[in-house]
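# Structural features, examined
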Amino acid sequence: MRDWNLRPGDPLALRLAADARMGGTDYADDQIWELVMDAPALALQTAYGGRCAHLRITPAWIIGARRIASAQGYAKRPVLRAFAPNYLRVTAALVLNLTLTAEFWVMDSHTAGCRWTFENTSGAPVTFQVELSASGAAATATGAPGKALKVHPLALEGGPVLQVDAVGNLSPVIALEGATESEGAAVRRTITAPAGGQVSVHWVHAGTDNLPDAVEALNRRLFDTDWDEAFGAIEALAGNIPDVRTGDPDWDAAIAFAYKVALSCYVGPTGNLPHPSFIFTRIPAQGYSADSTGAGHGWQWNGQVATEAYVNLPAVAPAAPELAKGVIHNWLAVQEADGWTDWKPGLGGQREGKLSIPLLAATAWLIYEYDEDRDFIAEVFPGLLAFYQRWFAADMDADGDGFPEWRDTLQSAFDDCPTFVRWQRWGQGADITKYECPDLGAYLYREAASLRAMAVLLGNVDARAALDARMIDLAEMLSDMWGDGAGCYHYRDRDTHQILPGAAVGAMKGGETLEAFAELESPNRVLIRVTGGVDLVPKEVRAFIAGADEKGDEIGEELPPSAFYWYRGLGTATSERVYKCIDSVRVVGLSRVYDVEVRTVDTRRIDQTVLLPLWARLPGRSRAQALVEQNITNPARFGRPYGMPNCAADDPAYNPANREGSGGVWMMWNTMLGEALLDYGYYEESAALFTRIMTAQLHTLKHEQAFREAYNSDILEGIGSVDYIWGVTPLHWLMRLIGVRIVSPTKVWAGGRYVLPWPATVQHRGVTAARSEAGTQITFPSGAVVRLTGETWQAVEDTEARGAMAVEDAAQIEAEARESGAV
């Protein structure tokens, strides 16, 4: 593990949990811990998965007449030296000649502990006392600290331990190795550090649902565990993580913590999914489900989603390819015979009941690029192809034109899309099932390109031909969704394929009839918005619309109660038919306390998802330039101080904090578009976007000791959940910016224009790859060194069998890859 020197005020992420790669994770009852470095110093705390507000285990040192507990009392304050998902190492000096190394370790979901190693650098022995105490608070209904937890000593054969009473169904016990006395909620022992020597002592916490099991766990971990061997295993796993060194120490720390958080989000497997799966955020207040299977977990723990996977799996693939590949295998394990693959399969058997976002093949191909495991692609290709084909079934493509529709905004992962969100008063509220969306088209095109690359790799000529045809059709339809004026793609009506502005038609009270006689410039759908009634849902509301179609023929329809979506006093419905003239609208089943607004649907509002065809590598140079200059880098739309918001800044719904409006910097779309900028040669623009996001992330790491789910686009502020899986530094995008991909100890890809402000070095799999404006130097474990210049991506192999270094000309490689759809 890399040696760090991090203190409060530096970028920090101090949560730790059981590492799924080492086993011992319990999806239904996972206890996560957090280190407090300063006040009190070196305390470890948990909330038992939400069973209490907190339980804190605190050390103190009694040296002569001094009692040292806070960092201010230390001769040298605590410094973080090393970290892994389940391990933290901190050093400090208690007094001038007595140093402390504290190694915190979460062994499994129910057990955690620490090894203290004291080094006496003086010429005489030092005798002192160590104390371990525990305190905590129950949680109120709001989760705030409530009544103090009861902690008391318990006499056991080996000495006194601490027992915490009634933390839900748990009987937690805390043991200090060699403790000889107890007082209140503390146990103590005396230690002598020999002159010029070291002495170590351990403590362990076990939180199980019965006292005998807890005591057995204490004894096993204190007396039957080889801590050196365990720490060696942690060190070996940490050695698989890329070590990235830039010219900025804050960046280096953020990158390292991003790997830590990304790997920490894995638990399982269970009987419901065959491989470990990720959860969205793993913090002390979460992890416990009263249901023994974990089926009772909330939304952040109840399944894996393709959007989070797109950010996380390529990030963890270099360090733990088995985790990344396992997530793809999990989706295919729940796949139905017709290719249906659930949107959010969970370790507790949860299912969302929606078809997954078509991102699985694109993500699997990125995983493949990190180790070029052909067998993995051969295993997953048939299922991924079946899943892709399922998207074009009749139930997903209402008009049968080969361009499917989302079933709701949740399925698209953009829940609060200003055009389609139906539960926010600031949203338009149109029914997304009646529209074709550029983001879905982009996902489907990129998915086809990834499947095509797999087919080429596997020699599947028939699949390649079918995917070619599909890509041509999608490209043509997406091209028709382009808007020259806005310099971006637009939503379009499912049936007319028109891109239209919306307009107000009129307003009335419930029960009234609006005699509109509105002549529209182009045929459009009628959108009805009803407000009032707080949480009361009118069960018999119906709407009657009369008008004429484009030919002038009279048409009309009745919208039944099922056409209305209600949420907290807001109801919306979108007409099934398209009107050139709206004569009248009547809404019945409402009293006059309800206000009714009638308008037509605006499909020209701009949000981040309409830019995604750039990520799919669809537009030509002129359209790509318009997307970049008019949108991505334009401060009036998406070129904001701390990243790209999910809604254009010139949209009336824009709110940079995502409060009472749409906005905030969400990492999946920023990652996709940052990668797209690199694909189109906008290296400086991609690096600038990455740097702005890093500034926001460093702010939360320094002030909150955590990443966040999203970030305010205009001021330094985190948004949403703490240490959210996709809110970390985007590591795959970073590796593309650096221009290095280490495939194995004997093969490296390197290239791209280097635009970062300082040289960067990546050490991984025994390889050291250094890049700067001057060029690239690759040092293999064998000692062989290769130097490269230029922007062209090249594959470099250390071919010891031939006694020579092979450097493949990437011009030919890239041409072949582009032809196959892989690039």
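So, here is what we can say about the structure in this document.

About the thresholds
- Residues numbered from 1 in each chain as written.
- Predicted model: local features only at pLDDT ≥ 70, side-chain atom pairs only at ≥ 80, totals over all residues.
- Heavy atoms only, no water.
- Core = buried A, V, L, I, M, F, W, Y, C linked by side-chain atoms within 4.5 Å.
- Buried < 20%, exposed > 50% of the residue type's maximum accessible area, 1.4 Å probe, protein only.
- Contact = heavy atoms within 4.5 Å.
- Helix = DSSP H or I, 4+ residues; strand = E, 2+ residues; numbered from the N terminus.
- Pairing = 2+ DSSP bridges.
- Axes fitted to C-alpha atoms, helices over the stretch in contact; angles between N-to-C directions.
- Polar contact = N/O pair within 3.5 Å; in protein donor to acceptor, adjacent residues only side chain to side chain.
- Salt bridge = Lys/Arg side-chain N within 4 Å of Asp/Glu carboxyl O.

## A short note on the nonpolar core
Among the nonpolar cores identified, the biggest contains 218 residues, and Leu 80, Phe 104, Trp 116, Phe 118, Trp 203, Leu 384 and Tyr 443 are the most heavily contacted of them. Every residue in contact with Leu 80, bar those within four places of it in the chain, is listed here: Trp 4, Asn 5, Leu 6, Leu 12, Leu 14, Met 37, Leu 88, Arg 89, Val 90 and Phe 257. With 25 residues, the next largest nonpolar core counts Val 505, Ala 518, Ile 545 and Val 598 among its residues.

## As for unusual backbone geometry
The amide bond that connects Ala 39 to the next residue, Pro 40, takes the cis arrangement and shows omega of -5 degrees. Along the chain, the position of Pro 40 falls in the loop between β2 (33-36) and β3 (43-46). Residue Pro 269 follows Gly 268 across a cis peptide bond; omega there is 10 degrees. Of note, the phi angle at Ala 413 is positive, near 75 degrees, even though the residue is not glycine. Structurally, the position occupied by Ala 413 is in the loop between α8 (409-412) and β21 (435-436). Taking the relative accessible area as the measure of exposure, Ala 413 reaches 15% and is therefore buried. Here the phi dihedral of Asn 658 falls at roughly 60 degrees; this positive angle occurs in a residue that is not glycine. Structurally, the position occupied by Asn 658 is in the loop between α11 (621-632) and β34 (665-666). In this structure Asn 658 comes out as partly exposed when scored by relative accessible area, which is 21%.

## Quick look at the sheet that holds strand β35 (residues 708-711)
Pairing in this open sheet of three strands is antiparallel, and the strands run β34-β35-β36 from one edge to the other. A single partner strand is all that each edge strand has here, and the edge strands are β34 and β36 (718-722). Of the pairings in the sheet, the one linking β34 to β35 comprises two bridges and is antiparallel in character. In the sheet register, Trp 666 faces β35, and the bridge partner there is Ala 710. Lying on the sheet, helix α13 (residues 683-703) is in contact with β34, β35 and β36; it crosses β35 at an angle near 135 degrees.

## What to know about the side chain of Ser 109
Along the chain, the position of Ser 109 falls in the loop between β8 (98-108) and β9 (111-120). Assessed through its relative accessible area of 1%, Ser 109 is described here as buried. Among the polar contacts listed, one links the side chain of Ser 109 to the side chain of Asp 30, at a separation of 2.6 Å.

## Regarding the sheet that holds strand β25 (residues 504-509)
Strands sit in the order β25-β33-β27-β31-β30 across an open sheet of five strands; the sheet is antiparallel. A single partner strand is all that each edge strand has here, and the edge strands are β25 and β30 (565-567). The mean angle between the axes of side-by-side strands here comes to 15 degrees, regardless of whether they run parallel or antiparallel. Two elements, β30 and strand β31 (residues 570-574), share three bridges in a ladder whose sense is antiparallel. Of the residues in β31, the one forming a bridge with Tyr 565 is Thr 572.

## Things to note about the pattern of salt bridges
In total, this model carries 47 salt bridges according to the counting rule given. Arg 492 serves as the salt-bridge partner of Glu 436, at 2.7 Å between the closest nitrogen and oxygen. Taken together, the residues span a long stretch of sequence, with Glu 436 in strand β21 and Arg 492 in strand β24 (residues 492-493) at a distance of 56 residues. In terms of burial, Glu 436 and Arg 492 fall into one category: buried.

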